[in-house]
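This is what each chain is made of:
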Amino acid sequence: MLFGQFKKVCVSSVATLSVLAAGMLSAAEVNVYSARQENLIKPILDRFSEQTGITVNLITGGADELITRMELEGANSPADLLLTVDVGRLHRAEEMGLLQPIESDVLTSQIPEQYRDADNHWFAVSLRSRVIVYDKERVDPAELSTYEDLADPKWAGKICIRSSSNIYNQSLTASMVSHHGEEATEEWARGLVANMARNPQGGDRDQIAAVAVGQCELAVVNTYYLAGMLNATSEDQVEQAQAVAVFWPNQDGRGAHINVSGAGVSEHAPNREEAIQLLEYMVSDEAQTWYAEANNEYPVRTDVPVSDTLASWGEFKADPLALDELGIHNAEAVRVMDRAGWR
Amino acid sequence: MTGLLAFKTAMIKHGAIIAIIALCLLLSVPVLTVFSSVGASSGGVWAHLADTLLWDYIGQSLMLMTGVGLLVLVLGVAPAWLVTMNSFPGSRLLEWALVLPLAMPAYIIAYTYTGMLDVTGPVQGFIRDTFDLRFGDYWFPQIRSLGGAITMLSLVLYPYVYLLSRMAFLEQSVCVLEVSRTLGAGPWRAFSRVAVPLARPAIIAGLALVLMETLADYGTVQYFGVSTFTTGIFRTWFGMGSSIAAAQLSAVLMLFILVLVLTEHWSRSRARYHHTSSKYSRLPQIRLVGVRKWLALVFCAMPVVLGFLVPFLQLAYWAWDTRHLVDFSAFSELLFNSLRLALTAALIALVLGMFISYAKRLQPNLTMRSSVRVLSLGYAIPGTVIAVGVLIPFAWMDNSIDAWMQQRFGVSTGLIFSGTLVAVVFAYIVRFLPVALNTVDAGLSKIRPSMDDAGRSMGMGSWQILRRIHIPMLRGSLLTASLLVFVDVLKELPATLILRPFNFNTLAIRTYELANQERLTEAAASALMIVLAGIIPVIIISLSISASRPGHDART
């Protein structure tokens, strides 16, 4: 008797709660797990909210941590959209079954085929290349040619590059594994390590600065770090960045290594429609321009103009390697770098 | 009737013990979750590591620990003795200022010194410009190196040793020291043969905290390119996508700490460190004169200047330089979020720490001691790993409740605790409770059991003994414990980052995001806020310890 009443109370309160919850949910919203940091994403999300009335909820963090969180939260995860700043993580999320395929004419028509997943699990939003920068005074660019050439003994003690724990070095090495196989890549990595001017340390900006002060002659960095330094408010940084020039590697061959920032809709997205809407907004003219310029990147859409800084470096040939490959070979790349003694 | 009463008392007592053990178990869930990976297969990652970097990780971690351990002893114990037992110019100021570096997060001091001393920084730039040199023409120590990491970590971690050893020196009965003097010991021998050995539990407690935090550090070693065990954990997890091997590496890290703690415990053997004399009188401070007083001043000022003043001024300069780029309107919310998390965690850690230490004192049996020990390991684990250890059980619980509710009532409850501040605070407690526990334990171990007996003979129950004897005697330790947790939470980053709810930011997160984009100068303003928010509690800790000396009347 008592139990029956208890059950009734329970059921009715649960029913009330779910009505309340439904009421709360009626305001459209979309939940974003973003590896791109708040100051580089929030303004565009706010703009989206203004235009559509959809509230955007945001958590930022490392891509691996966010993916782990999504995985553990499982079917009840609130995540609608996962945004990462490298393709390897998007690939990993897809492999783990955390992303769902999206049919969208907007996305498929605006984003070049190379920069989206073959099954539409993820889409790139912006591009960056990993390039060689060199000391304008001491290096003759005619000496430079390819990533492969960085292992040549002529560069002994002259190269600065950051740790192999960094995802962009892992992706670059993964692209080498994809093109040349594991063995040849290991040999290349050994040559590169032998040419290093110092133990890998610091970030990409630190490598550029080290070239500027003469600790090394070459550095391997992502394009947006150099552009960020050229546009910095600190005069020191601008001066350091001006001491170096960009060299686009492998232009006579496959082209320069490309990585992307991009996004995919979560497998269990509670707000799937809104997530697609947001993703489509991110390839709109307005968003592409802002999103690329905020971090000095190249827009994924070829018809959106690049910033003045990037334009000054000229056009370049990009490696057409399928981006999936970078994710597929990531673990191999790490092992190769471990064996080669690249710290 | 009496039988019934005895039964009731026994029930209450056992109930309390069981409750405490259950609590310990609950808090150990994240640590045990990490351990549970040990049996799983890592798909050859270990063989690969053993062939390549494993020995490097172990070697570098050991060197880092040894270096930091030795340096914090020098920077912590000696100044504690000097300011407690001597008076020299500035000694009253240094007494509390020596704690200030505690407010400085390790990764921030690392970024700051790198900004100043690196090859591209202003110091080396000045050298090159003044003497018209190029890089390589002169020698300069490399800041981003193992030595650099040891220095950075020691500069911000030595206050744990300073605080706890100073507390111990203050609580020592002067009579013991006077006896040693009458037996012909000079001040140096009184320090090295009587005071330090007596303070050993406190010094070791401080050292243990420092070493655990050193092992858990990721931000500093990663930035400096030092391959420690933590680097290995994240490389394996993120780079090779092997979360199992990463968890196994974390488990090894914990085992290592466990062995260390047990070894220390065993080497102490059956020695106990209660104060045998209860006669306290004002500490007779020796007034240092001549060259000694200046040496003492320089020696005690050095850690404050290097660990606090220099990086603080550098941050302030950067913050001023970038003031037009910083969005200060968001700061009040960030500060409020940081403070409320820190306050909540500090209070919970204090209460739990006190009850658990106390239960351990009442029932020092194996079950109790082992559960406390497992609990203490949380501090040695990188915050991200703890966070995953929290995510797993919380998500499992939420999803189980949801499944049950769906099946039973056809209603989905979704995630109840995951992604809320409850999970965040739980992670803080798991990670920082050892700090509170160690501090309270060190204080409690110095209260002789005969005090409890005396209380009991006067008809007090356990609760009354706690309230009327222990708490007043432990006031300093309790305050220190809660404020240490407070400051630690203010600085905490990785667990907050991954566990937090939507649209929730703290000062540490804001600082990290800018620093991570290699925009160090813009990160300075929020870094400075963390330090400022931490200074006030740090000063309170210091002052309260001076006032906590037994026999000391706070108002005189």
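Residues numbered from 1 in each chain as written. Chains lettered and ligands numbered in written order. Predicted model: local features only at pLDDT ≥ 70, side-chain atom pairs only at ≥ 80, totals over all residues.

Overview of the overall build of chain A
When its secondary structure is counted, chain A shows 15 helices and 9 strands. In terms of its C-alpha atoms, chain A occupies a principal-axis envelope of roughly 90 × 40 × 35 Å. Here chain A holds 343 residues, and the buried ones make up 53% of them. Contacts spanning at least 24 positions in sequence make up 78% of the contacts within chain A whose residues lie at least 6 apart. (Helix = DSSP H or I, 4+ residues; strand = E, 2+ residues; numbered from the N terminus. Buried ≥ 20, exposed ≤ 12 C-beta atoms within 10 Å, placed from the backbone. Contact = placed C-beta atoms within 7 Å.)

Brief notes about the overall build of chain B
Looking only at helices and strands, chain B has 23 helices and 2 strands in total. On C-alpha atoms alone, chain B measures out to a radius of gyration of 25 Å, which is about the 24 Å that the 2.2 N^0.38 rule sets for 556 residues. Summarising its shape, the C-alpha atoms of chain B cover approximately 85 × 80 × 50 Å along the three principal directions. When each of the 556 residues of chain B is scored for burial, the buried share is 49%. Here the analysis covers contacts within chain B between residues at least 6 apart in sequence; of these, 85% occur between residues at least 24 apart. (Rg over C-alpha atoms; globule rule 2.2 N^0.38 Å.)

Describing the pairing of strand 6 (residues 218-222) of chain A
Residue and element names in this part refer to chain A. Across the 5 residues that make up strand 6, a large majority, 5, are buried. Residues L218, V220 and N222 line one face of strand 6 and the alternating positions A219 and V221 line the opposite face, and both faces are buried. Two elements, strand 4 (residues 123-135) and strand 6, share 5 bridges in a ladder whose sense is antiparallel. Residue pairing for strand 6: Y134 is matched across the bridge by L218. (Pairing = 2+ DSSP bridges.)

Observations concerning unusual backbone geometry
Residues and elements named next belong to chain A. One non-glycine residue, N250, lies in the positive phi region at around 55°. Within the secondary structure, N250 is located in the loop between strand 7 (244-247) and strand 8 (257-265). Notably, N296 is not glycine yet its phi reads approximately 55°, a positive angle. Under the C-beta neighbour-count criterion, N296 is labelled buried, with 22 such atoms within 10 Å.

What to know about the nonpolar core
One finds V133(A), I208(A), A219(A), A427(B) and V485(B) to be the most contacted residues of the largest nonpolar core, which totals 273 residues. Per-element accounting of this core gives the leading share, 18 residues, to helix 7 (residues 146-171) of chain B. Other than its neighbours up to four places away in sequence, V133(A) contacts I208(A), V211(A), A219(A), V221(A), L226(A), V244(A), A245(A), V246(A) and F247(A). (Core = buried A, V, L, I, M, F, W, Y, C linked by C-beta atoms within 7 Å.)

Some remarks on helix 17 (residues 383-409) of chain B
Compared with an ideal rise of 1.5 Å per residue, which puts 27 residues at 39 Å, helix 17 of chain B spans 38 Å between its outermost C-alpha atoms and is within 8% of the ideal. Once helix 17 of chain B finishes, G410(B) follows within two positions and takes phi at roughly 65°, a positive value. (Expected span 1.5 Å × (residues − 1).)

Describing the interface of chain A and chain B
Across the boundary between the two partners, chain A contributes 49 residues, which contact 44 residues of chain B. Put simply, the parts of the chain that give the side of chain A that touches chain B at least two residues each are helix 1 (2-25), strand 2 (55-60), helix 3 (63-73), helix 8 (204-212) and helix 15 (330-340) of chain A. Here the residues of the side of chain A that touches chain B sort into 13 nonpolar, 23 polar and 13 charged. (Nonpolar A, V, L, I, M, F, W, Y, C, P; charged D, E, K, R; others polar.)

A closer look at the packing of helix 3 (residues 54-85) of chain B against helix 12 (residues 229-239) of chain B
A pair of packed helices is captured by two measures, namely the crossing angle of their axes and the spacing between those axes. Residue and element names in this part refer to chain B. Interhelical geometry of helix 3 versus helix 12 gives an angle of 145° and a closest axis separation of 8 Å. Contact residues: Y57, I58 and S61 in helix 3; F229, T231 and G232 in helix 12. Across the contact of helix 3 with helix 12, the residue classes tally to 3 nonpolar, 3 polar and no charged. (Axes fitted to C-alpha atoms, helices over the stretch in contact; angles between N-to-C directions.)

Considering the domain arrangement of chain A
All names here are of chain A. Domain assignment breaks chain A into domain 1 (29-127 + 259-307) and domain 2 (128-257 + 316-340). Computed over C-alpha atoms only, the centres of domain 1 and domain 2 are separated by 27 Å. Between domain 1 and domain 2, the contact holds 14 residues from the first and 17 residues from the second. Mapped by element, the contributors of at least two residues to the side of domain 1 that touches domain 2 are helix 4 (87-95) and strand 8. (Domains from an automatic or database assignment.)

Looking at the domain arrangement of chain B
Residue and element names in this part refer to chain B. Structurally, chain B comprises domain 1 (1-36 + 322-380 + 424-556) and domain 2 (50-273 + 285-310). Relative to domain 2, the C-alpha centre of domain 1 lies at a distance of 22 Å. Listed per partner, the contact involves 37 residues of domain 1 and 35 residues of domain 2. Elements represented by at least two residues in the side of domain 1 that touches domain 2 include exactly helix 1 (2-35), helix 18 (421-444), helix 20 (462-491), helix 22 (507-516) and helix 23 (520-547). No other element matches helix 23, which puts 13 residues into the side of domain 1 that touches domain 2.

Thoughts on the packing of helix 10 (residues 200-216) of chain B against helix 18 of chain B
All names here are of chain B. At a minimum axis separation of 9 Å, helix 10 and helix 18 run at an interaxial angle of 175°. Put simply, helix 10 runs roughly antiparallel to helix 18. In this structure, helix 10 uses P201, A202, A205, A208 and L209 to contact helix 18, whose residues at the interface are V435, N438, D441 and A442. A breakdown of the residues in the contact of helix 10 with helix 18 according to their chemical character gives 7 nonpolar, 1 polar and 1 charged. (Parallel < 35°, antiparallel > 145°, perpendicular 65-115°, else oblique.)

Brief notes about the environment of L532(B)
As for its placement among the helices and strands, L532(B) is situated in helix 23. Residues L532(B) and T130(B), spaced 402 residues apart in sequence, show a C-alpha to C-alpha distance of 35 Å.

Brief notes about helix 14 (residues 290-321) of chain B
The largest bend in helix 14 of chain B is about 45°, located at V305(B). Residues A296(B), C300(B), P303(B), V304(B), G307(B), F308(B), P311(B), F312(B), Q314(B), L315(B) and W318(B) constitute the buried set of helix 14 of chain B. (Bend = angle between axes of the 7 residues up to and from the residue.)

Focus: the confidence of the model for chain A
If pLDDT is low for a region, its predicted coordinates should not be looked at in detail. Residue and element names in this part refer to chain A. Of the residues in chain A, 92% have a pLDDT of 70 or more, and the chain-wide mean is 90. Looking over chain A, one finds the lowest element-wise mean pLDDT in helix 1, namely 48, and the highest in strand 3 (residues 81-84), namely 97. In the predicted structure, residues 15-25 sits below a pLDDT of 50 and forms 1 contact with residues beyond four places in sequence or in another chain. (pLDDT = per-residue confidence, 0-100.)

Regarding the pairing of strand 4 of chain A
Residues and elements named next belong to chain A. The element strand 4 is largely enclosed, with a buried count of 12 among its 13 residues. Here strand 4 pairs with strand 8 via 7 bridges, running antiparallel. By the bridge assignment for strand 8, S129 is matched with I258. Pairing of strand 4 with strand 9 (residues 298-299), which is carried by 2 bridges, proceeds in the antiparallel orientation. Residue pairing in the sheet places L127 in a bridge with Y298 of strand 9. Across 4 bridges, the pairing between strand 4 and strand 7 is antiparallel. Counterpart to I132 in the pairing with strand 7 is F247.

Re the confidence of the model for chain B
Residue and element names in this part refer to chain B. The share of residues in chain B with pLDDT of 70 or more is 92%, and the mean pLDDT across the chain is 84. Contacts for the low-pLDDT stretch residues 552-556, under 50 throughout, to residues beyond four places or in other chains number 2 contacts. The ipTM value of the predicted complex is 0.85, and its pTM value is 0.87.

As for the environment of Y134(A)
Residue and element names in this part refer to chain A. As for its placement among the helices and strands, Y134 is situated in strand 4. Between the alpha carbons of Y134 and H121 there is a distance of 38 Å; along the sequence they are 13 residues apart. Dropping the residues within four chain positions of it, Y134 is found in contact with V139, P141, L144, E217, L218, V244, A245 and F247.

Observations concerning the environment of T84(B)
Along the polypeptide, T84(B) turns up in helix 3. Sequence separation between T84(B) and Q285(B) is 201 residues; the distance between their C-alpha atoms is 7.4 Å.

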